[in-house]
Amino acid sequence: MITRRGFVGSIAAGAGGLLLSGCDKLNASPGFRDVLRSAEGLTLKAQRLVTDRQALAREYGLGDISPVFRANGNSMPASTDYQRHAAAGFADWRLTIDGLVRRPLSVPLDRIRQLPRRTQITRHDCVEGWSAIGRWTGAPLSILLDAAGLHQEARFLVFHCADSFGDTPYYESIDLVDAFHPQTILAWGLNGHPLPIANGAPLRLRVERQLGYKHAKFVQRIEAVADLARIHGGKGGYWEDSNDYAWYAGI
Amino acid sequence: MDASAQPNPMPQPVVVKRHLASTRIWHWVNALSVFLMLMSGLMILNAHPRLYWGQYGANADHAWLEIGSTMNGRGFLRVGSLRVGTTGLLGYRLDSNGQPNRRAFPGWATVPSGYDLAAGRRWHFFFAWVLAIGLVAYAAISLGNRHWRDVAPRPDELAPRHLWQEIKDHARLHFPTGEAALHYNSLQKLSYFGIVAILLPLVILTGLTMSPNMDAAWPWLLDLLGGRQSARSIHFLCAVLIALFILVHLLMVVLAGPINEVRAMITGWYRVPQPVRHPRESGDPAFASVPDATADLDYRIRGNDEGVAE
């Protein structure tokens with residue numbers, strides 16, 4: 001005999017099962033993914049609306065630094081070219097800045113280290129949930145961008161990296177709000193030492209108000225572009241293309 | 001208790017409009033979005049099932065809570081120094097193909113069911129907007145129509161004697177009937193007030209504190225909550241409390257008469273449970289004034305076209 005409670009219970013269990021398999025079906029539907037993705041644009045617009053675009057990420061004290069700064073992603077790029085540079089202590093490493101700029105640049109690493117430096121003790125937040133605090137030293141990106149001179153139509157900066165996953169190179173992109181932010185630097189030092197390879201030597205982008213995957217490591221070229229559609233998979237970054245991560249990683 | 005199950009049903013059951021439309025819409029929007037947020041939240045936690053206190057925390061740092069598995073296939077949950085085996089549920093299980101699966105939470109508890117951090121985050125942030133907009137709208141409406149007064153506990157209801165009496169009544173499954181069933185009792189008020197005024201705002205604030213951009217704009221979030229990793233831990237504890245609330249809430253609905261209760265939350269119409277006299281409990285103060293309550297109720301319903309309780 002079916003009791004009322006048993007009946008209600010089986011309805012609840014059935015509804016739960018339907019909900020779960022329904023979620024997986026919806027998750028596989030491109031149209032529904034676009035509906036969910038619409039919240040990403042809303043989040044970016046809402047955060048930029050209620051927050052100061054120039055607001056600085058918290059800078060911590062020396063005593064707050066993580067004893068171990070976890071390295072994630074690629075810890076050693078596979079390319080022989082990179083490994084030759086690494087063996088030579090990156091003595092001949094050059095950063096290219098091109099695309100929609102008036103003066104394309106090829107800047108030796110030594111020159112970048114001689115630029116006015118910014119040191120900041122900031123928190124690195126991984127999309128997975130963990131955080132590590134480190135002391136970063138590097139050149140403000142704005143100095144290099146001003147030297148190259150962005151064209152009017154430039155909207156994004158694409159960071160091309162020396163590492164890859166399989167045959168797919170890593171890259172990331174940010175917009176000009178973050179590009180000219182005072183804490184956005186090309187870091188060459190971590191915790192008072194030259195940047196370790198596992199953390200992105202010789203140059204790593206710090207874009208302090210976004211999650212870790214935006215902080216491109218092993219940066220070798222910065223390209224100014226008007227839109228991201230023609231760059232690799234078109235979504236603005238390696239993880240965005242391969243795993244559908246959000247381009248805006250401020251949350 | 002459902003009125004139809006009573007040994008001496010009333011000749012004309014009293015049916016009243018119990019819930020406002022705003023409450024009903026908000027309830028079901030929340031029911032959906034809270035479930036999806038809990039389950040997509042477990043998906044996100046699967047990416048790093050360790051919780052810390054303070055500003056930072058990663059694998060080399062001490063986690064106060066950890067879900068994991070041993071090399072020889074034992075799942076475990078560790079809280080502080082207490083470690084319990086959870087093989088099959090948390091940390092380790094065999095999937096339908098007999099292959100080991102070492103995710104912290106099993107697929108049936110997460111949205112989506114397979115590991116997909118990007119999708120879990122997308123679900124979570126979409127329904128975070130639904131939940132937050134709903135909360136703000138409901139708070140505004142409840143302030144406007146003074147519905148908040150139905151939920152905010154009165155000082156006399158918070159007296160220890162009164163609360164103890166209600167706890168005893170709940171434990172004995174003595175649910176209010178007649179007039180008393182048209183108000184929230186103190187335990188309900190405390191639960192609903194705790195959820196709406198404390199837990200939901202706290203879960204939103206701790207969620208925002210995990211956002212590096214919000215931390216830059218509103219650094220007081222980090223001071224208020226003791227750091228991003230503390231906020232992440234509190235976020236998880238809030239989710240546990242919300243899940244517990246849902247469990248007790250569903251249990252109470254089932255015990256109080258699920259069809260009547262669910263119908264009331266869908267249509268607004270609620271069949272008022274009528275008192276039953278238990279001779280051995282006739283001295284129970286909770287039942288002392290019940291017989292007069294129905295007459296008073298009839299009067300109130302006739303005197304109020306909308307029939308909305310309070």
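On a predicted model such as this, the values are computed, not experimentally measured, just so you know. The residue count restarts for each chain, going from 1 along the sequence in the order it is written. Chains and ligands are labelled by the order in which they are written, letters from A for the one and numbers from 1 for the other. At least 70 in pLDDT is required for a residue's local features to be given in this predicted model, at least 80 for side-chain atom pairs to be given and counted, and no such filter applies to totals for whole chains, interfaces and linings, which use all residues. Excluding hydrogens and water, the side-chain figures rest on all heavy atoms present in the structure.

A. Spotlight on the overall build of chain A. Note on conventions: DSSP H or I runs of at least 4 residues are helices, E runs of at least 2 residues are strands, and numbering of each starts at the N terminus. The helix and strand tally for chain A stands at seven helices and 10 strands. Exposure classes here rest on a 1.4 Å probe applied to the protein chains alone. A residue is buried below 20% of its type maximum, exposed above 50%, and partly exposed in between. In chain A, which comprises 251 residues, the proportion classed as buried is 51%. Long-range pairs, those at least 24 residues apart, make up 68% of the contacts in chain A between residues at least 6 apart in sequence. Only the protein chains shown count as cover for residues, and all accessible areas are computed by the Shrake-Rupley method using a 1.4 Å probe. Here chain A has roughly 11200 Å² of accessible surface; of this, 57% comes from carbon and sulfur atoms. Every residue pair with non-hydrogen atoms within 4.5 Å of one another is taken to be in contact.

B. Summary view of the overall build of chain B. A count of helices and strands for chain B gives 10 helices and eight strands. By the burial criterion, 46% of the 310 residues in chain B qualify as buried. A separation of at least 24 residues holds for 62% of the contacts in chain B among residues at least 6 apart in sequence.

C. Structural view of the pairing of strand 5 (residues 82-85) of chain B. All names here are of chain B. Strand pairing is assigned whenever DSSP identifies at least 2 bridges connecting the two strands. Here strand 4 (residues 75-79) runs beside strand 5; their pairing, made up of four bridges, is antiparallel. What sits directly across from R78, in strand 5, is R83. Hairpin connection, strand 4 to strand 5: the antiparallel pair is bridged by two residues, and G80 has positive phi, about 60°.

D. Quick look at the interface of chain B and chain A. Listed per partner, the contact involves 51 residues of chain B and 55 residues of chain A. Note on terms: buried area is the combined drop in 1.4 Å-probe accessible area of two parts once they are placed together, counting the loss on both. When the buried area of chain B at its contact with chain A is split by residue, Y56, R122 and N213 of chain B rank highest and sum to 16% of it. Just to be clear on terms, a salt bridge is a Lys or Arg side-chain nitrogen sitting within 4 Å of an Asp or Glu carboxyl oxygen. Between chain B and chain A we count four salt bridges in total. A salt bridge links R58 of chain A to D223 of chain B, with the nearest nitrogen and oxygen atoms 2.9 Å apart. Within 3.5 Å is the distance limit for a polar contact, defined as a pair of N or O atoms, with the added protein rule that one can donate a hydrogen and the other accept it, and that residues adjacent in sequence qualify only through two side-chain atoms. Where chain B touches chain A, the interface holds 22 residue pairs in polar contact (both at pLDDT 80 or more). Contributions of two or more residues to the side of chain B that touches chain A are made by helix 1 (21-46), helix 2 (117-144), helix 6 (212-217), helix 7 (220-225), helix 8 (228-256) and helix 9 (258-267) of chain B.

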